[in-house]
Amino acid sequence: QVQLVESGGGLVQAGGSLRLSCTASGRTFSTYSVGWFRQAPGKEREFVATIRWLGSYSFYGDSVKGRFTISRDYAKNTVYLQMNSLKPEDTAVYYCAASVSRVGGSSRPGDYDYWGQGTQVTVSS
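Residues numbered from 1 in each chain as written. Predicted model: local features only at pLDDT ≥ 70, side-chain atom pairs only at ≥ 80, totals over all residues. Heavy atoms only, no water.

Here we look at the state of the cysteines
One covalent bond between the sulfur atoms of two cysteine residues makes up a disulfide. In this structure the tally under the stated criterion is 1 disulfide. Disulfide pairing places Cys22 opposite Cys96 at an S-S distance of 2.1 Å. Every disulfide takes its handedness from the sign of the S-S torsion; for Cys22 and Cys96 that torsion is 65°, giving right-handed. Taken together, the positions of Cys22 in strand 3 (residues 18–26) and Cys96 in strand 9 (residues 92–99) put the pair 74 residues apart, joining distant regions of the chain. Cys96 carries the same exposure label as Cys22, and that label is buried. (Disulfide = S-S within 2.5 Å. Helix = DSSP H or I, 4+ residues; strand = E, 2+ residues; numbered from the N terminus. Buried < 20%, exposed > 50% of the residue type's maximum accessible area, 1.4 Å probe, protein only.)

Topic: the packing of aromatic side chains
Overall, the coordinates contain 8 aromatic pairs when judged by the stated rule. Measuring from centroid to centroid gives 5.2 Å for Phe37 and Trp115, while their planes differ by 50°, and the two rings are tilted. Pair noted here: Phe37 is in strand 4 (residues 33–39) and Trp115 is in strand 10 (residues 114–115), with a separation of 78 residues, a long-range link. Centroid distance Tyr95 to Trp115: 6.5 Å. Interplanar angle 75°. Geometry classified as edge-to-face. A residue pair is termed long-range when its members are at least 10 positions apart, and Tyr95 in strand 9 and Trp115 in strand 10 qualify at 20 residues. Among the aromatic residues, ring-to-ring pairing joins Phe37, Phe47, Tyr57, Phe59, Tyr95, Tyr112 and Trp115 into one connected group. In this structure, Arg19 is placed above the aromatic ring of Tyr80, and the distance from its NZ or CZ to the ring centre is 4.1 Å. One residue, Arg45, lies across the ring of Trp115, its end atom 4.7 Å from the ring centre. (Phe/Tyr/Trp six-rings, centres within 6.5 Å; stacked < 30°, edge-to-face > 60°. Lys NZ or Arg CZ within 6 Å of the ring centre and 35° of its normal.)

Re the pairing of strand 11 (residues 119–124)
The alternating pattern of strand 11 places Thr119, Val121 and Val123 on a buried face and Gln120, Thr122 and Ser124 on a face that is not buried. Here strand 2 (residues 10–13) pairs with strand 11 via 4 bridges, running parallel. Bridge assignment links Gln13 to a residue of strand 11, and that residue is Ser124. Pairing of strand 9 with strand 11 involves 3 bridges; the strand directions are antiparallel. Residue Ala92 lies in a different strand from strand 11, and its bridge partner there is Val121. (Pairing = 2+ DSSP bridges.)

Side note on the sheet that holds strand 7 (residues 68–73)
The strands that make up a sheet are held in pairs by hydrogen bonds between backbone atoms, and each pair lies either parallel or antiparallel. Read across the open sheet, the 4 strands follow the order 1-3-8-7; overall the sheet is antiparallel. Only two strands of the sheet have a single neighbouring strand rather than two, namely strand 1 (2–7) and strand 7. Direction aside, neighbouring strands of the sheet carry axes that sit 20° apart on average. When strand 1 meets strand 3, the two strands line up antiparallel, connected through 6 bridges. Paired with Gln3 across the strands is Ser25, a residue of strand 3. (Axes fitted to C-alpha atoms, helices over the stretch in contact; angles between N-to-C directions.)

Digging into the environment of Gly116
Here Gly116 shows up in the loop between strand 10 and strand 11. Taking relative accessible area as the criterion, Gly116 reaches 11% and is therefore assigned buried. Gly116 sits 94 residues away from Cys22 along the chain, and the two C-alpha atoms are 8.0 Å apart. Contact partners of Gly116, with chain neighbours within four places excluded, come to Leu4, Glu6, Tyr95 and Cys96. (Contact = heavy atoms within 4.5 Å.)

Structure, rendered in structure tokens:
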């Protein structure tokens, strides 16, 4: 079992930055890919970014390319999502997730086995 805890959400003005953290406990992330998703009220869960744990391969959703960066710290068992140039449309609950089978990462929520509880990000205009 893996437990995931997100942190770092909050309220920020448009154009600002936030860094989200996803820390794992239980088993380590050593062979899992990790993804970030977000969900705004009344909308479906949207893929944001994913990273392969072994190596640095990552890819992003079209709406965040060039603004968000996913990274990981092996020693801290943590994956980060650096969010720059935030827009009001980035407002959502952000979730991290871990996949056992999709070690190269995936944009599909159904490919992930473990989920965190989410952290709220609100971007004011």
